[in-house]
Amino acid sequence: AVVSTQSTGVSNFSTLLYTNKFEVAMAEFLEGQEGETMERDLEVQMDRMQSSIHKQGYSAGFEAGREKGIQIGFDSSFKEGAKLGVEWGGVEGRIKAALITHPSKRPQLELLLKEAS
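So, a few notes on the structure that sits alongside this text.

Conventions and cut-offs
Residues numbered from 1 in each chain as written. Predicted model: local features only at pLDDT ≥ 70, side-chain atom pairs only at ≥ 80, totals over all residues. Heavy atoms only, no water. Core = buried A, V, L, I, M, F, W, Y, C linked by side-chain atoms within 4.5 Å. Buried < 20%, exposed > 50% of the residue type's maximum accessible area, 1.4 Å probe, protein only. Helix = DSSP H or I, 4+ residues; strand = E, 2+ residues; numbered from the N terminus. Contact = heavy atoms within 4.5 Å. Phe/Tyr/Trp six-rings, centres within 6.5 Å; stacked < 30°, edge-to-face > 60°. Salt bridge = Lys/Arg side-chain N within 4 Å of Asp/Glu carboxyl O.

If you look at soluble globular proteins, the nonpolar side chains tend to sit buried side by side. Core analysis: the largest hydrophobic core is formed by five residues, namely Ile-95, Ala-98, Leu-99, Leu-109 and Leu-113. For this core, the elements supplying multiple residues, two or more each, are α3 (33–101) and α4 (106–116). Counting residues per element, this core draws most heavily on α3, which supplies three residues. Each residue touching Leu-99, except ones within four places of it in the same chain, is listed here: Arg-106, Leu-109, Glu-110 and Leu-113.

Next up, the structure:
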């Protein structure tokens with residue numbers, strides 16, 4: 001279908017756009033040989049777009065999962081490290097107190113501190 005020009009020189013395209021005639025004209029166009037090529041081109045473009053969206057979604061999901069995994073690992077390790085740090089601090093404090101209260105055991109206690117550090 002060809003869009004005609006009115007006597008004023010203004011295209012009636014806008015009139016066709018809002019009517020069923022435009023849809024019919026597009027359907028007729030797409031049925032032709034050029035339309036088949038256009039449909040194939042559109043299918044190729046849609047496949048590319050879907051692939052791109054899939055890749056972007058995969059990347060975003062992977063990154064979010066990685067960050068969450070890292071955070072969970074950090075949280076778990078931080079708790080465990082804090083617990084071990086407090087326990088070691090208590091052990092170290094007792095050994096240092098023993099250095100003061102049991103001077104005769106000083107060489108063994110210093111060796112124990114050195115090996116544990």
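Scanning the entire structure with this criterion turns up two aromatic pairs. Aromatic side chains Tyr-58 and Phe-62 sit 6.2 Å apart centroid to centroid with 20° between the ring planes, which places their arrangement in the stacked category. Of this pair, Tyr-58 and Phe-62 both sit in helix α3, four residues apart, which is roughly one turn of the helix. With respect to burial, Tyr-58 and Phe-62 carry one shared label: exposed.

With that settled, the discussion passes to the pattern of salt bridges. Two side chains that carry opposite charge are able to pair once their charged atoms sit near each other. Summed over the entire model, instances satisfying the criterion amount to three salt bridges. We note a salt bridge from Arg-106 to Glu-110, for which the minimum N-O separation is 3.0 Å. Here Glu-110 and Arg-106 lie together in helix α4, a separation of four residues that amounts to about one turn. A residue is classified by how much of its surface remains accessible, and Arg-106, at 41% relative accessible area, is partly exposed.

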